[in-house]
Amino acid sequence: MLCFDRTRVASDARRVFLFLFLMTVTASVGVVTPQVMHFDEPLALASGARLGHYHLVVETYGTLNAQRSNAVLICHALNAGHHVAGVAADNPKNIGWWDNMVGPGKPVDTNRFFVIGINNLGSCFGSTGPMSTNPATGKPYGAAFPVVTVEDWVDAQARVADRFGIEQFAAVMGGSLGGMQALSWAIRYPQRVRHCVAIATTPKLSAQNIAFNNVARTAIQSDPDFHGGDFYAHGVVPKSGLRVARMIGHITYLSGDDMSEKFGRSMKAAEYAFGYGVEFEVESYLRYQGDKFSEYFDANTYLLITRALDYFDPAKATGGDLARALAPARCGFFLASFATDWRFPPPRSREIVEALIANDRDVTYAEIDAPHGHDAFLLDDARYHGAMRAYFEKISIVPSAVPTRMIEGQVRS
């Protein structure tokens, strides 16, 4: 009689599956497991509130060198988190959101760099946020979780760097909202950053962008299942509001040309149904994106992060003078924008470039004629990735008291 351990067989099968899967993923960092860092020292927030006894979920890739000088911090955008690259240990289908950028031999080469991804405060992917237990009540924070800003996130990230013993990052990098965090690092901690890499970002939101965020938040707050942000106690999720919020957001991430190419006026059936259901393929796509988002994202987190986007405006403290706001920065800069990105279009990146040049800072700028709109920063594009690779290859992993001049005032257009 043949006996076998079903648990062991299942475990072995999983390992084989992971191995075969990884063989198909070029230059992957492999299977990764996050760590949780606990902090007892209260964090003072821009709002005047203080957050104590919080934790942050962190993932790392590559090896920190003996001098602790080869670290790169990747800052995430709205619906991403700490899982930047590789395959999640608890879900083989969960590939890091910037896996095409980070890994062995990739533009951010983990054979050279020690890369850190941090899930920000207020997020819903494991770090302390609205879903976490409020120690004062023993219940989820919900609506009581304090409003946070980009600057608050950066201060929390600095504590993670302290925990690793990293005095200075070789680079701090991010796209979209992540790019705002990278800029904030250069301003708030100028001696701790040798290079700032800000992709598809902006020095502040336009009125139109604030309006989009407001409509998305209103959709969530108007959902009867929202319950003022304390829906956890009612055992419900404001899925309808989340669906609409995601649909609105997703439209802004794509270019008109990209949507036309993908969908045009294609329909699910040959003739009009003369009703109000889903008839066009673009409607079906948006519904799918909204449904998927509502299953995994937290409504309060959406409110928090979009408000942090609204509040980011480093020049507010300098009377609107962006050059003065960026004056404390001492690092080299790489900025990239995409011609079809109408959410954070190239002129917004050029504002940052011009402000840096006014401060005699070293800046490289790439404007990529890619068709994919704002989401282009996440996608494969040979010119974009080539520019990123070239920049990171020139980043020294030797620590410096004052970052060296890498590219003398180079601006690419």
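Residues numbered from 1 in each chain as written. Predicted model: local features only at pLDDT ≥ 70, side-chain atom pairs only at ≥ 80, totals over all residues. Heavy atoms only, no water.

Caption draft 1: Region of interest: the sheet that holds strand 2 (residues 35–39). Taking strand neighbours across the sheet as the criterion, the eight strands line up as 2-5-11-6-14-15-16-17 in an open arrangement whose pairing is mixed. Only two strands of the sheet have a single neighbouring strand rather than two, namely strand 2 and strand 17 (363–368). Direction aside, the axes of adjacent strands within the sheet are offset by 20° on average. With six bridges joining them, strand 16 (residues 332–338) and strand 17 adopt parallel strand pairing. Across the sheet, Phe333 pairs through a bridge with Val363, a residue of strand 17. (Pairing = 2+ DSSP bridges. Helix = DSSP H or I, 4+ residues; strand = E, 2+ residues; numbered from the N terminus. Axes fitted to C-alpha atoms, helices over the stretch in contact; angles between N-to-C directions.)

Caption draft 2: The arrangement of the nonpolar core in detail. Core analysis: the biggest nonpolar cluster contains 111 residues, and Ile199, Phe333 and Phe392 have the highest contact counts within it. Ranked by the residues each element gives to this core, the list is headed by helix 2 (residues 150–164), at eight residues. Excluding anything up to four places from it in sequence, Phe333 contacts Leu183, Ala186, Cys196, Leu356, Asp362, Val363, Thr364 and Tyr391. Counting residues in hydrophobic clusters, the runner-up holds six residues, among them Met247, Met259, Tyr285 and Leu286. (Core = buried A, V, L, I, M, F, W, Y, C linked by side-chain atoms within 4.5 Å. Buried < 20%, exposed > 50% of the residue type's maximum accessible area, 1.4 Å probe, protein only. Contact = heavy atoms within 4.5 Å.)

Caption draft 3: Inspection of the pairing of strand 8 (residues 91–95) at higher detail. Strand direction decides the pairing type here: strand 7 (residues 87–88) and strand 8, joined by two bridges, are antiparallel. Counterpart to Val87 in the pairing with strand 8 is Ile95. The antiparallel hairpin formed by strand 7 and strand 8 contains two residues in its connecting segment.

Caption draft 4: Seen up close, the side chain of Ser123. Looking at where Ser123 falls in the secondary structure, it is placed in the loop between strand 11 (114–118) and strand 12 (133–134). With a relative accessible area of 4%, Ser123 lands in the buried category. For Ser123, the contacting residues outside a window of four places in its chain are Ala80, Thr128, Gly129 and Thr301.

Caption draft 5: Quick look at helix 4 (residues 207–221). With 15 residues, helix 4 should cover 21 Å at 1.5 Å per step; its first-to-last C-alpha distance of 21 Å lies within 8% of that length. The complete set of buried residues in helix 4 reads Asn209, Asn213, Ala216, Arg217, Ala219 and Ile220. Take helix 4 and look down its axis: the buried residues cluster within an arc of 155°, on one side only. Lining the buried residues of helix 4 we find helix 5 (239–253) and helix 8 (299–311). (Expected span 1.5 Å × (residues − 1). Arc of directions from axis to C-beta.)

Caption draft 6: Structural view of the side chain of Arg361. The topology assignment puts Arg361 in the loop between helix 10 (346–358) and strand 17. Asp360 is the oppositely charged side chain nearest to the buried, salt-bridge-free Arg361, at an N-O distance of 5.8 Å. A polar atom in the side chain of Arg361 sits 2.5 Å from the backbone oxygen of Ala329. Apart from residues no more than four positions distant in its own chain, Arg361 is found in contact with Ala327, Ala329, Arg330, Cys331 and Leu356. (Lys, Arg positive; Asp, Glu negative; His and termini not counted. Salt bridge = Lys/Arg side-chain N within 4 Å of Asp/Glu carboxyl O. Polar contact = N/O pair within 3.5 Å; in protein donor to acceptor, adjacent residues only side chain to side chain.)

Caption draft 7: Focus on the environment of Glu279. Secondary-structure assignment places Glu279 in the loop between helix 6 (256–262) and helix 7 (281–296). Given the relative accessible area of 14%, Glu279 is considered buried. Along the backbone, Glu279 and Lys268 are 11 residues apart, and their C-alpha atoms lie at a distance of 5.6 Å.

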